[in-house]
Protein chains: 2
Amino acid sequence: MPAYQAPVRDLRFVIHELLDLPGHYQQLQGCEAVDGDTLNAILEEGARFAEEVLAPLNRVGDEHGCHWQDGKVTTPPGFAAAYHQFAENGWAALEKPAAFGGQGLPGSLASAINEMLFSANHAWAMYASLSSGAVSTIDAHGTDDLRACFLPPLIEGRWSGTMCLTEAHCGSDLGLLRTRAVPEADGSYRISGSKIFISAGEHDITENIVHLVLARIEGAPAGVKGISLFAVPKVMVNADGSLGERNGVSCGSIEHKMGIHGNATCVMNFDGATGYLLGEANRGMSAMFTFINESRLAVAQQGQGHCEASFQGALRYARERVQMRAEPRLKPEQPADPIIGHADVRRMLLTQKAYAEGGRMLNLACAQLVDQLHHGATETTKNAAARRLALLTPIAKGFLTEAGIEAAQLGVQVFGGHGFIREWGMEQISRDVRITAIYEGTNSIQGIDLLTRKVLADDGAELNALLDEMDSFCADCKAPRELAQQLARQVATWRELTGWLKVAQKDDANLIGAGAFDYLMLAGYTLLGYYWLRAAAIAEGELAAGNSDVDFYIGKRETARFFMQRLLPRANQHRALIESGSANLMDIPDSAFGR
Amino acid sequence: MPAYQAPVRDLRFVIHELLDLPGHYQQLQGCEAVDGDTLNAILEEGARFAEEVLAPLNRVGDEHGCHWQDGKVTTPPGFAAAYHQFAENGWAALEKPAAFGGQGLPGSLASAINEMLFSANHAWAMYASLSSGAVSTIDAHGTDDLRACFLPPLIEGRWSGTMCLTEAHCGSDLGLLRTRAVPEADGSYRISGSKIFISAGEHDITENIVHLVLARIEGAPAGVKGISLFAVPKVMVNADGSLGERNGVSCGSIEHKMGIHGNATCVMNFDGATGYLLGEANRGMSAMFTFINESRLAVAQQGQGHCEASFQGALRYARERVQMRAEPRLKPEQPADPIIGHADVRRMLLTQKAYAEGGRMLNLACAQLVDQLHHGATETTKNAAARRLALLTPIAKGFLTEAGIEAAQLGVQVFGGHGFIREWGMEQISRDVRITAIYEGTNSIQGIDLLTRKVLADDGAELNALLDEMDSFCADCKAPRELAQQLARQVATWRELTGWLKVAQKDDANLIGAGAFDYLMLAGYTLLGYYWLRAAAIAEGELAAGNSDVDFYIGKRETARFFMQRLLPRANQHRALIESGSANLMDIPDSAFGR
């Protein structure tokens, strides 16, 4: 198992040098007190927790998995204790509202910590991540009573949360959902139905679990416009906040999965369980999107976090493993050279590095927008952040999870036969990361969301603003000039392609569906190119100014070049596929696919 | 677990319509008696064995795995019985030499069966496949005495075989190997050393195991020119062929792996074990290549077989799973349509189909060349087959295993959340197939082998012959004309690129290493395009002639179009990456990769 080393130096690069988060915090309401030193200190503490507490439990979780018996779920050894330590150290409260016991720190700081948690132990970190999403959702849509009842113990880490969307017959298509809600005289509802794939649905870590459940109130319209959102606690809460009787919620079984074995994926049965409406009746999808959007950004971090973990393992192995001669020779005195000297190994390592560090820039830029959305000084700031975030979220989720899968496969490959052996940990990364392309909306769904709701719905206005920003950065970028020109061409491609799609889709009902995934990937490559160009420009400046951290900045400059020359060109292929139209997918009749 | 359905119709298409194997058998020495009906009958029997005996054991093997205790290895329940049935039914003897109890049928027939075995149960089929490779190698390089001793029980299926190459410190770089061989007075050798990653190294299936072991005779030159090949039986064989005492061979442990759990991956310790030289001393690498080349073609079939298995599962699910509206609607009476109606699901299914069926054409074309190599009527035929096979083998191995990994990932994706759940079997495919890109030479090694030994070594002569053949087929292909033109452009690209590489590599020692993997992929896409064009041309002919199997031929025509428009364009990207040179990989110093 490769020992996880939190990438604190690179996090500091993104936080201070790329995004200047301390300066940005000065513009946020209520975050002005967070200075650079505080930020660095919290980062170091988070790194230590990830490295020393979570990483050692990563393989334990994979090997032990979760166990179900008579409705109870046992998590892997050490998981509960680590969670309690996490809660006691205040990590669950970091960016949560001070009114309910949180520390009120900016979300971007929590986001930097989250990457480390996901890298170190994806399965474990999901318990914390889902609880965090539940807090945000209850805070945004709950009544004062509900917030006062549920938020403090969630923020304290004594309780945890879940999101209950999927049913056996509906995953992507939530309009089909059947779970029922019957109103009671006291204003609560009786929830009945069965949900599947509920992460952290039942476990032995916290004393209570608050399920956020999509259900249909009796008589509600069919489809997504008749869905409401409810908070359904596992254990009822007395008026004084103490725990009462068990609610009608039970875990029917847990799934046996490819990865994230340490996180219990539950079938949850609601049998006339008491639930409390969150937000308006029949507007549950909209309320749930508070949770879904936050989760999508978290999944983007999972994808990127796996890039980092896999890269670290592969890099260490490539420096140690000696096999065949490289040109130039690295160890002339030995019979062979470390494989990091071989071009094809470098291709794999640089792909991982480009994704891990590029994804970090994108994710923290998104987190900065989330800060502005919640704490922006003006409505204008908040609205601008909301629009940009809406555009970037499907790209970050879709692209960085595809990147995570590719990086993890490369990590296995760098290890050769050892990559296939469990004890080295590389194959676990490739199994754990696999779910990220599926949950919180498959990447097909992300592509369609991007193209329809985020690009075409406003006639490309927000996209054009982003493309203009990228264009203008390219135009102003003196060094590295060549990379700026390469990126500018891809920005133009993105713009032209979008214009063409806008027109062409009018005559072809399937053009969007046929091209959405490729569009997502094209967007991801171009966007990551933008961040890599910004990183390279900073690096050029530091190198020119004589910064002594030469290896770090040369690494940035060269990885940016690698990205522009060896990953960004993939965008051209995605363009060609989109332009090939939908007939090559739609003309073949179902019966001609095969038996 | 998706029920495996052997693709007999498509195998017949490749065997009869594409390759005319019955006609080809008339040209082979000793195979003239195999007519089309015999072939079809054997195919049906093989299909039944794969579907009814092996496929039901596939998940059993994954769940139970192999167990090691005190040097003994227990295989999953049912594995040994299935193997005995396989042997009793004569499958292990199919293409083996009649002189030693084989049936003397052409290897291409065995190859068609092998695809089904690998699709149905990769882990199980490896026991048979390795034994087959051992037979070929002993037959090609053993003395008459050794052949008489070892071949009959191997062909009968009472014994099995292995290949022992890898040691802890050497995988790709066999020149570093340390296992020693000390000559004895009786002409045998004492073998001492430790080998790792030995598939089927120890098990409870057969009464003896013949290990083919690479070792260094005392005083031999360093590097690969001092390696010899030995046959080392697990149990010594008496003069009358009965089994004697245990040889000094033992299994020290087995690996816990990502996939192929049903196949024991062993650490094998040789402690002064008696071994018999195969071929000449110090020419062991050359002798072992009989085994390695056969295994590489088998691995290509594993990759392709997983494409088929994953495609079958995904296709069935996509027809059953109902989610959201398609355009046009497939089930207007239901609240949603089967997901096979959605463009992005079709993109995934068609990718799988294009790989599974395209790979089948390539693999059986390779098998036809193996027939010619072994049974060609003239030396000219044999030599021509050897040259072409040498060129195609790394492409088939490398490209079809990458395709297998991609197809398996798509299969998981089509299933959504269910793809991540073990019981559906899709995630097992993605774990089992992963090793194929690594073993029998990683795909990096395949790329370098292709470019250096197979293309540049003869100054592109054999490649040009292949490109000429493809060019001439494109020129003659009247329908589908458009696809022929698309392919012709890619053939020209391949030719130009090779010419450029030939010159450019002289000034850049790392250009080959930097471009080899992309070159392999470009070659694979183009080559598969050639087979798809040939399939489409046949389909056009049959449809024009009014063949009633309309769905089948429309499927071929449309999949060919999909391939040319949505997969073949990837070759352009690979070209661009090769042309980007090696500096973007080599300039970054080791120290700048990160900590």
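Residues numbered from 1 in each chain as written. Chains lettered and ligands numbered in written order. Predicted model: local features only at pLDDT ≥ 70, side-chain atom pairs only at ≥ 80, totals over all residues. Heavy atoms only, no water.

### Topic: the overall build of chain A
If you tally the helices and strands in chain A, you get 19 helices and eleven strands. Its C-alpha atoms give chain A a radius of gyration of 24 Å, within 12% of the compact-globule value 25 Å for 595 residues. Sorting the 595 residues of chain A into buried and exposed places 64% on the buried side. Summarising the internal contacts of chain A: among those between residues at least 6 apart in sequence, 74% fall at separations of at least 24. (Helix = DSSP H or I, 4+ residues; strand = E, 2+ residues; numbered from the N terminus. Rg over C-alpha atoms; globule rule 2.2 N^0.38 Å. Buried < 20%, exposed > 50% of the residue type's maximum accessible area, 1.4 Å probe, protein only. Contact = heavy atoms within 4.5 Å.)

### A few points about the relation of the copies chain A and chain B
Expressed as a screw operation, the relation of chain A to chain B combines 0.0 Å of axial shift with a rotation of 180 degrees, fitting to an RMSD of 0.0 Å. Both copies are brought into coincidence by an operation consistent with a two-fold rotation axis. Closest approach to the rotation axis within chain A is made by the C-alpha atom of A:Gln573, at a distance of 3.2 Å. When the interface residues of chain A are mapped onto chain B, 99% of them again lie at the interface, so the same face is used by both copies. (Least-squares fit on C-alpha atoms with pLDDT ≥ 70 in both.)

### Things to note about the interface of chain A and chain B
Each partner contributes to the interface: chain A provides 93 residues, whereas chain B provides 92 residues. Note on chain A versus chain B: buried area summed over both sides is about 8,400 Å², and carbon and sulfur give 56% of it. Summed over the three residues of chain A that lose the most area to chain B, namely A:Phe420, A:Arg566 and A:Phe593, the buried surface amounts to 11% of that side. Remark: the boundary between chain A and chain B carries six salt bridges. A salt bridge links B:Asp590 to A:Arg319; the shortest N-O distance between them is 2.7 Å. On inspection of chain A and its partner chain B, the count reaches 57 residue pairs in polar contact (both at pLDDT 80 or more). (Buried area = accessible area lost by both parts, 1.4 Å probe. Salt bridge = Lys/Arg side-chain N within 4 Å of Asp/Glu carboxyl O. Polar contact = N/O pair within 3.5 Å; in protein donor to acceptor, adjacent residues only side chain to side chain.)

### Looking at the domain arrangement of chain A
Residues and elements named next belong to chain A. When cut into domains, chain A gives domain 1 (287–450) and domain 2 (456–585). Computed over C-alpha atoms, the centres of domain 1 and domain 2 are 17 Å apart. Each partner contributes to the interface: domain 1 provides 28 residues, whereas domain 2 provides 27 residues. When residues of domain 1 are sorted by the area they lose upon contact with domain 2, Met 361, Arg 388 and Phe 399 head the list and together hold 25% of the total. For the pair domain 1 and domain 2, the interface holds five salt bridges. Linking Glu 406 and Arg 570 is a salt bridge whose minimum nitrogen-to-oxygen distance equals 2.9 Å. Joining domain 1 to domain 2, the criterion identifies eight residue pairs in polar contact (both at pLDDT 80 or more). Those elements that provide at least two residues to the side of domain 1 that touches domain 2 are helix H10 (343–375), helix H11 (379–414) and helix H13 (443–456). Here the element with the most residues in the side of domain 1 that touches domain 2 is H10; it accounts for twelve residues. Of the residues contributing to the side of domain 1 that touches domain 2, the split by class is 14 nonpolar, seven polar and seven charged. (Domains from an automatic or database assignment. Nonpolar A, V, L, I, M, F, W, Y, C, P; charged D, E, K, R; others polar.)

### Brief notes about the packing of aromatic side chains
Considering all chains together, one arrives at 34 aromatic pairs over all chains under this definition. A centroid spacing of 5.4 Å and a plane angle of 65 degrees characterise the contact between A:Phe415 and A:Trp424, whose relative ring orientation is edge-to-face. Given the relative accessible area of 4%, A:Phe415 is considered buried. Considering the side-chain rings of B:Tyr317 and B:Phe415, the 4.2 Å spacing of their centres and the 15 degrees angle between planes classify their relative orientation as stacked. Placement of B:Tyr317 in helix H9 (residues 284–320) and of B:Phe415 in the loop between helix H11 (379–414) and helix H12 (426–432) is noted, with a sequence separation of 98 residues between them. Accessibility expressed as a relative area gives 7% for B:Tyr317, which makes it buried. Taken together through their ring pairs, the aromatic side chains of A:Phe49, A:Tyr83, A:Phe86 and A:Trp124 make up a single cluster. Here the basic side chain of A:Arg9 rests over the ring of A:Phe552, its NZ or CZ set 3.8 Å away from the ring centre. (Phe/Tyr/Trp six-rings, centres within 6.5 Å; stacked < 30°, edge-to-face > 60°. Lys NZ or Arg CZ within 6 Å of the ring centre and 35° of its normal.)

### Some points on the packing of H13(A) against helix H16 (residues 511–544) of chain A
All names here are of chain A. Where H13 contacts H16, the two axes come as close as 8 Å, and the packing angle between them is 90 degrees. With respect to H16, the axis of H13 lies roughly perpendicular. Between H13 and H16, the contacting residues are Asn 443, Gln 446, Gly 447, Ile 448, Leu 450, Leu 451, Thr 452, Val 455 and Leu 456 on the first element and Ile 512, Ala 516, Phe 517, Tyr 519, Leu 520 and Ala 523 on the second. Across the contact of H13 with H16, the residue classes break down as eleven nonpolar, four polar and no charged. (Axes fitted to C-alpha atoms, helices over the stretch in contact; angles between N-to-C directions. Parallel < 35°, antiparallel > 145°, perpendicular 65-115°, else oblique.)

### Describing the environment of B:Gln27
Residue and element names in this part refer to chain B. Tracing the backbone shows Gln 27 in the loop between helix H2 (21–25) and helix H3 (36–54). A relative accessible area of 57% places Gln 27 in the exposed class. Remark: the alpha-carbon pair of Gln 27 and Thr 378, spanning 351 residues in sequence, is separated by 9.9 Å. Residues within four places of Gln 27 in sequence aside, it is in contact with His 375 and Ala 377.

### Describing the UniProt feature "domain: Acetyl-CoA dehydrogenase-like C-terminal" (unreviewed entry) in chain A
Following the UniProt record, one finds the feature "domain: Acetyl-CoA dehydrogenase-like C-terminal" (unreviewed entry) at residues 466–589 of chain A. Across residues 466–589 of chain A, helical content stands at 81% and strand content at 0%; the span's end C-alpha atoms are separated by 40 Å. (UniProt positions renumbered as here; feature names shortened; annotations may be inferred.)

### Points about the pairing of strand E6 (residues 208–217) of chain A
Residue and element names in this part refer to chain A. Among the ten residues that make up E6, ten are buried, leaving the element largely enclosed by the rest of the structure. Relative to E6, strand E3 (residues 159–164) runs parallel, the two sharing six bridges. The partner of Cys 164 across the bridge, within E6, is Val 213. The pairing of strand E4 (residues 180–183) with E6 spans two bridges and is parallel. Across the sheet, Ala 181 pairs through a bridge with Ile 217, a residue of E6. Pairing of E6 with strand E7 (residues 228–233), which is carried by six bridges, proceeds in the antiparallel orientation. When the sheet's bridge partners are listed, Leu 212 is paired in E7 with Ala 231. (Pairing = 2+ DSSP bridges.)

### Side note on the UniProt feature "domain: Acyl-CoA dehydrogenase/oxidase C-terminal" (unreviewed entry) in chain A
UniProt records the feature "domain: Acyl-CoA dehydrogenase/oxidase C-terminal" (unreviewed entry) for residues 282–448 of chain A in the present numbering. Helix makes up 71% of residues 282–448 of chain A and strand 0%, whereas the separation of the span's terminal C-alpha atoms amounts to 24 Å.

### Examining helix H17 (residues 550–567) of chain A
With 18 residues, H17(A) extends 24 Å between its outermost C-alpha atoms, agreeing within 8% with the 26 Å of an ideal straight helix rising 1.5 Å per residue. The element H17(A) is largely enclosed, with a buried count of 15 among its 18 residues. (Expected span 1.5 Å × (residues − 1).)

### Some details on the side chain of A:Thr162
Among the structural elements, A:Thr162 can be located in strand E3. Here A:Thr162 falls in the buried class, since its relative accessible area comes to 0%.

### Re the pattern of salt bridges
Proximity of charged atoms lets side chains of opposite charge pair with each other. Counted according to the given criterion, the structure contains 82 salt bridges over all chains. A salt bridge links A:Arg12 to A:Glu44; its shortest N-O distance comes to 3.8 Å. Of the two residues, A:Arg12 sits in helix H1 (residues 8–18) while A:Glu44 sits in helix H3 (residues 36–54), which places them 32 residues apart along the sequence. Judged by relative accessible area, A:Glu44 falls into the partly exposed class, the value being 42%. The shortest N-O distance in the salt bridge between B:Arg388 and B:Glu462 comes to 2.9 Å.

### Structural notes on the state of the cysteines
Throughout this description, disulfide means a covalent bond between two cysteine sulfur atoms. Applying the stated criterion to the full structure yields zero disulfides over all chains. Counting only cysteine sulfurs, A:Cys266 is the nearest neighbor of A:Cys66, a cysteine outside any disulfide, at a range of 7.8 Å. By relative accessible area, which is 10% here, A:Cys66 ends up buried. Left without a disulfide partner, B:Cys266 is nearest to the cysteine sulfur of B:Cys251, which lies 3.8 Å away. Judged by relative accessible area, B:Cys266 falls into the buried class, the value being 0%. (Disulfide = S-S within 2.5 Å.)

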